[in-house]
Amino acid sequence: QVQLVESGGGLVQAGGSLRLSCAASGRRFSSDAMGWYRQAPGKQRELVAVITSGGNTNYADSVKGRFTISRDNAKSTVYLQMNSLKPEDTAVYYCAARRKWSVQYDYWGQGTQVTVSS
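Below, the structure is looked at part by part. Computed from a prediction, not measured in an experiment: that's the story for all the values here. (Residues numbered from 1 in each chain as written. Predicted model: local features only at pLDDT ≥ 70, side-chain atom pairs only at ≥ 80, totals over all residues. Heavy atoms only, no water.)

**Considerations on the overall build of the protein**
Rules: A run of DSSP states H or I qualifies as a helix once it reaches four residues; a run of E qualifies as a strand once it reaches two. Both are numbered from the N-terminal end. Values of the radius of gyration come from C-alpha atoms, whereas the globule rule sets the reference at 2.2 Å times the count of residues to the power 0.38. Relative accessibility thresholds used throughout: buried, under 20% of the residue-type maximum; exposed, over 50%; partly exposed, between the two (1.4 Å probe, protein chains only). The contact criterion used throughout is that any non-hydrogen atoms of two residues lie within 4.5 Å. Using a 1.4 Å probe, the Shrake-Rupley method yields the accessible areas, and only the shown protein chains count as cover for residues. His residues and chain termini do not enter the charge count, which takes Lys and Arg as positive and Asp and Glu as negative. Charged groups are reduced to one reference atom each: NZ for lysine, CZ for arginine, CG for aspartic acid, CD for glutamic acid.
From N to C terminus, the protein includes zero helices and eleven strands. When the elements of the protein are put in sequence order from the N terminus, they spell out β-β-β-β-β-β-β-β-β-β-β. Since a compact globule built from 118 residues should have a radius of gyration of about 13 Å, the 13 Å found for the protein is in line with a globular shape. Oriented by its inertia axes, the alpha-carbon framework of the protein measures out at about 40 × 25 × 25 Å. When burial is assessed residue by residue, the protein has 42% of its 118 residues classed as buried. Within the protein, contacts between residues separated by at least 24 positions form 55% of all contacts whose residues are at least 6 apart in sequence. In the structure as shown, the protein presents an accessible area of about 6,400 Å², 45% of it carried by carbon and sulfur atoms. Seen as two clouds, the 14 positive and the 8 negative side-chain charges of the protein have centres 4 Å apart.

Below, the structure is given as structure tokens:
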């Protein structure tokens, strides 16, 4: 059974940092692109960051320079380091995996809540 399990969310003050983790199991993810999405109340889900199997990264403009996505294939884990957090970063953060030939994300985690207080 394929599973993506996020952890590391919580409550933090503005300007603080959090590190999210996404542990993958059930198949090999080393050739997958991995992404972090977020969804705030009343808003559409948005792509925050993505990392390819080769380690190339891309970020939403709203988080560039503050967030860093990375992966450890040996641990089947993807990370999202979030610095200089802002109240508008408050959302449920989801980890997702996209298989090599897929045009959409195939697997999703259950999400972890991040709340940034002002």
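Back to the write-up after that little detour.
**Topic: the pattern of salt bridges**
Heads up, the rule is: By definition, a salt bridge exists where a carboxyl oxygen of Asp or Glu is found within 4 Å of a side-chain nitrogen of Lys or Arg.
What the rule picks out here adds up to six salt bridges. Its salt-bridge partner being Asp 32, residue Arg 27 comes within 2.3 Å of it at the nearest N-O pair. Taking relative accessible area as the criterion, Arg 27 reaches 28% and is therefore assigned partly exposed. A relative accessible area of 0% places Asp 32 in the buried class.

**A look at the environment of Trp 101**
Within the element layout of this structure, Trp 101 appears in the loop between β9 (91-98) and β10 (107-108). On the basis of relative accessibility, which here comes to 76%, the residue Trp 101 falls in the exposed class. On a C-alpha basis, the gap between Trp 101 and Ser 84 in space is 35 Å, while along the polypeptide they are 17 residues apart.

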